[in-house]
Every structure is written in structure tokens, then in C-alpha cells.
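Here is what each chain is made of, one letter per residue.
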Amino acid sequence: MGWLAVMLTVVDLRHRRLPNALTLPAYPATAATMTMATTQGGHQIAQGALLGAVTLGGAYLAAHTLSPQAMGAGDVKLSGTQGAVMGAVGLPALIVGTTLAALLTLLLNATAPRRTRDRWRSGVPHGPALLAATYVVATFPTIQPP
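Residues numbered from 1 in each chain as written. Predicted model: local features only at pLDDT ≥ 70, side-chain atom pairs only at ≥ 80, totals over all residues. Heavy atoms only, no water.

Trainee: Help me understand the environment of Gly52, please; the structure alone is not making it clear to me.
Mentor: Within the fold, Gly52 resides in helix 4 (residues 43–66). Judged by relative accessible area, Gly52 falls into the buried class, the value being 1%. In the structure, Gly52 is positioned 34 residues away from Met86 in sequence and 6.5 Å away in space, judged by C-alpha atoms. (Helix = DSSP H or I, 4+ residues; strand = E, 2+ residues; numbered from the N terminus. Buried < 20%, exposed > 50% of the residue type's maximum accessible area, 1.4 Å probe, protein only.)

Shown next, in the form of C-alpha cells:
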């Protein structure tokens, strides 16, 4: 899934788009990964992944519905898979990951060169921050609060 995250990050930073050709294949890849993890760690992983996907996907869908210019549809599609990964780690990972993604988006906005921000015009891409936050909480699950 790492190659998919890199491709999504590059495309979102360059074009402010998370195309279906990249976001939709992440669903079967995530499902396969969660299935393999479930055989190793029991049904708690699958339940957490499902809860995370529904929770984060639902929250992003609500944000997009209330303010379409604030969050793109690509971010909504991406949030389901990223929520599943974070949820598989645990509820604290979902909370930490979501907070970290928001902070990274703010940091990107604050540190991007003016020329880049001007090119983005309609806002800072959120996909790279969500992908990075998911990577951090999945790779370093011990940084989560108990």
C-alpha cells in the first residue's frame, strides 16, 4: 500500500486531486490487508477497521456535504481506507491520526512557498497529511495513549 500512498501524495500535491483510479483500488487492497491481519490477530482487528472506516469516512462525508469547498470528494474516498487502517490499530490511533492529519495540513499551508499556495488557490491538499498520519500511527502504534 506504500506505493499507492506515494502516488496519491504526488498527484494531490501537484494537481489537488485524488483520482478514483488511485483511491478506489485502495479499498480491495485495504480489505485484503485487514483480512490477513485478522487471521493473525483475531476479529478485534476487523471490528476496529470497520469502525474506523465508517467513523472517519462518515465524518469526512459530513464535512464535504456541509462545505464542499472545504473538503474534496477524493479526501472523502481516501478517508474510508485510512480510517480502516487507523481503526485496526485502535480507537486512540484514529483520534491521534485524525488530529495529526489536521495539524500536518495546517503545517503544509504555513510552510508551502507562496508560489505553490497560489497554484493551489482553492486550498491546501489534505490527502498527503492524511496518508502521512495514517503511516505514523500504523507504523508506531506505541505512541498512542493507553
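Trainee: Which parts of the structure should I look at to understand the nonpolar core?
Mentor: If you look at soluble globular proteins, the nonpolar side chains tend to sit buried side by side. In terms of nonpolar packing, the biggest core is built from 18 residues, with Leu4, Leu8, Leu56, Tyr60, Leu78, Met86 and Leu130 touching the most fellow members. Counting residues per element, the ones that place at least two in this core are helix 1 (2–15), helix 4, helix 5 (73–89), helix 6 (91–111) and helix 8 (127–139). The leading source of residues in this core is helix 8, at four residues. When residues no more than four places from it in sequence are discounted, the contact partners of Leu78 are Leu8, Leu18, Thr23, Gly127, Leu130 and Leu131. Counting six residues, the second largest nonpolar core, distinct from the first, contains Met34, Ala49, Val85 and Ala88. (Core = buried A, V, L, I, M, F, W, Y, C linked by side-chain atoms within 4.5 Å. Contact = heavy atoms within 4.5 Å.)

Trainee: How do you make sense of unusual backbone geometry when you look at a structure like this?
Mentor: Residues apart from glycine generally show negative phi values, whereas peptide bonds are mostly found in trans. Of note, the phi angle at Arg16 is positive, near 55°, even though the residue is not glycine. If you trace the backbone, Arg16 turns up in the loop between helix 1 and helix 2 (20–23). The partly exposed category is assigned to Arg16, whose relative accessible area is 28%.

Trainee: Would you explain helix 6 in this entry?
Mentor: For helix 6, spanning 21 residues, the distance from its first C-alpha to its last is 30 Å, which sits close to the expected 30 Å at 1.5 Å a residue. Here helix 6 has its buried residues at Ala93, Leu94, Gly97, Ala101 and Thr105. When helix 6 is viewed along its axis, its buried side chains cluster within an angular range of 105° and face the same direction. Exposed residues pointing more than 90 degrees away from the buried face of helix 6 are listed as Ile95, Leu103, Leu106, Ala110 and Thr111. (Expected span 1.5 Å × (residues − 1). Arc of directions from axis to C-beta.)

Trainee: Where do I start with the side chain of Thr23 in this structure?
Mentor: Positionally, Thr23 belongs in helix 2. Its relative accessible area of 1% is what places Thr23 among the buried residues. Dropping the residues within four chain positions of it, Thr23 is found in contact with Leu8, Leu18, Gly74, Lys77 and Leu78.

Trainee: I would appreciate a short explanation of the side chain of Asp75 in the present structure.
Mentor: The topology assignment puts Asp75 in helix 5. Separated by 3.4 Å, the side chain of Asp75 and the backbone nitrogen of Gly127 make a polar contact. When neighbours within four sequence positions are excluded, Asp75 is seen to be in contact with Asp12, Leu18, Tyr60, His126 and Gly127. (Polar contact = N/O pair within 3.5 Å; in protein donor to acceptor, adjacent residues only side chain to side chain.)

Trainee: Honestly, the layout of surface pockets in this entry has me stumped. Any pointers?
Mentor: Estimates place the volume of the largest pocket at around 420 Å³. If you trace the largest pocket, you find 26 residues lining it, with Arg16, Met71, Gly72, Asp75 and His126 closest to the centre. Breaking the lining of the largest pocket down by element, the ones donating at least two residues are helix 5 and helix 6. Take the lining of the largest pocket: its biggest share by element is five residues, from helix 6. Looking at the lining of the largest pocket residue by residue, the class counts come to twelve nonpolar, nine polar and five charged. (1 Å grid on protein atoms, 1.4 Å probe; cavity = no way out; pocket = protein on both sides within 12 Å on 5 of 7 lines; lining within 4 Å. Points joined across faces, edges and corners; volume = space filled by probe spheres on them. Nonpolar A, V, L, I, M, F, W, Y, C, P; charged D, E, K, R; others polar.)

Trainee: What should I look at first to understand the packing of helix 5 against helix 6 in this one?
Mentor: Any two packed helices are characterised by how steeply their axes cross, that is the angle between the axes, and by the distance between the axes. Close contact between helix 5 and helix 6 brings their axes to 6 Å; oriented N to C, the two are set at 135°. The orientation of helix 5 relative to helix 6 falls into the category oblique. Only Ala93, Leu94, Gly97 and Thr98 of helix 6 make contact with helix 5, whose side of the interface consists of Gly83, Met86 and Val89. (Axes fitted to C-alpha atoms, helices over the stretch in contact; angles between N-to-C directions. Parallel < 35°, antiparallel > 145°, perpendicular 65-115°, else oblique.)

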